[in-house]
Amino acid sequence: MSTDAPAAEPSGTTVGRSLGLALCAGTAAAGGWVAGSGVALAHRDPLYALGTAAGLGLWLAALWTALYVTIGDAPEAELFLPVGALLPAGAAAGLVGCSFAAPHPHPGLLDAAAGAALLAVPPALLGLRRRRREVARWRLRRDRGVSVPGVVTGVGGDLPRLSLTVRYTAADGEQYTRQVDREFPAGDRPRPGRPVTVRHLPDEPRDITVTLLPWPDGPH
């Protein structure tokens with residue numbers, strides 16, 4: 001399977017990513033508290049229903065941010081934690097916040113939160129194992145691979161995630177065309193003809209790392 005990575009070593013758990021996930025969990029809990037309080041107080045004033053909507057919006061924003069935080073820079077930009085782990089973990093955080101909602105806490109929701117958290121464990125472990133394999137493959141290509149020139153022949157998708165078609169002649173003399181996915185910042189959309197460096201293991205020319213090179217005659 002074709003893989004893609006930036007020039008820097010792919011990261012797994014980093015301090016910034018861990019803090020980002022912790023902040024997302026706290027935000028999801030806050031959203032659960034606001035939503036639960038809005039439901040509990042809506043009988044006093046219908047305007048409290050707006051609190052419910054705001055809390056749900058805050059919870060959804062926390063989940064979306066967690067997805068962004070966990071997008072890795074490993075091959076193919078795979079999620080560091082899969083969606084199957086993030087969704088139950090986010091639900092658990094929201095239920096924890098909701099269990100302390102005003103005016104009357106509902107500690108029984110903590111049992112539901114614990115159940116949701118347990119559901120997140122298996123996919124999280126699978127995601128971590130997959131990340132370790134990806135990083136190991138990246139290091140193999142870095143330490144034992146060979147570099148050959150290549151060129152971008154096609155670009156698909158929308159920023160920030162694009163699918164590049166790359167053509168190169170491997171160290172065995174055979175020509176290959178592979179498709180790789182990668183994240184790019186806004187305003188940095190590659191175009192066909194862009195030169196690249198392709199790195200692969202001598203006995204696995206289809207398993208590649210792609211690094212974009214500057215245009216020979218300046219930016220296009």
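Located above this text is the structure these notes cover.
What counts, and at which threshold
- Residues numbered from 1 in each chain as written.
- Predicted model: local features only at pLDDT ≥ 70, side-chain atom pairs only at ≥ 80, totals over all residues.
- Heavy atoms only, no water.
- Helix = DSSP H or I, 4+ residues; strand = E, 2+ residues; numbered from the N terminus.
- Buried < 20%, exposed > 50% of the residue type's maximum accessible area, 1.4 Å probe, protein only.
- Contact = heavy atoms within 4.5 Å.
- Areas by Shrake-Rupley, 256 points an atom, 1.4 Å probe, with all protein chains shown as cover.
- Patch = residues over 30% accessible without salt bridge, like charges linked within 9 Å, V, L, I, M, F, W, Y side chains within 5 Å.
- Salt bridge = Lys/Arg side-chain N within 4 Å of Asp/Glu carboxyl O.
- Pairing = 2+ DSSP bridges.

Peer 1: Quick question: what am I supposed to make of the overall build of the chain here?
Peer 2: Along its length, the chain carries four helices and five strands. Each helix and strand of the chain, placed in order from N terminus to C terminus, yields the pattern α-α-α-α-β-β-β-β-β. Looking at the chain residue by residue over its 220 residues, the buried ones come to 38%. For the chain, long-range pairs separated by at least 24 residues make up 64% of all intrachain contacts whose partners lie at least 6 apart in sequence. Carbon and sulfur atoms provide 65% of the accessible area of the chain, an area that totals close to 11,900 Å².

Peer 1: Please explain a nonpolar patch on the surface as it appears in this structure.
Peer 2: A surface patch of nonpolar side chains, about 360 Å² in accessible area, is lined by Trp33, Val96, Phe100 and Leu110. Within the secondary structure layout, tryptophan 33 lies in helix 1 (residues 15–41). Tryptophan 33 sits in the partly exposed class, given a relative accessible area of 38%.

Peer 1: What should I look at first to understand the pairing of strand 1 (residues 146–158) in this one?
Peer 2: The two faces of a sheet get side chains in turn, since along a regular strand they alternate between them. Here six bridges tie strand 1 to strand 4 (residues 195–201), and the two strands are oriented antiparallel to one another. Following the sheet pairing, proline 149 is matched in strand 4 by threonine 197. In this sheet, strand 2 (residues 161–169) lies alongside strand 1 in antiparallel orientation, the contact comprising eight bridges. In the strand pairing of strand 2, valine 155 is matched with leucine 164.

By themselves, these observations are geometric and do not establish any function.
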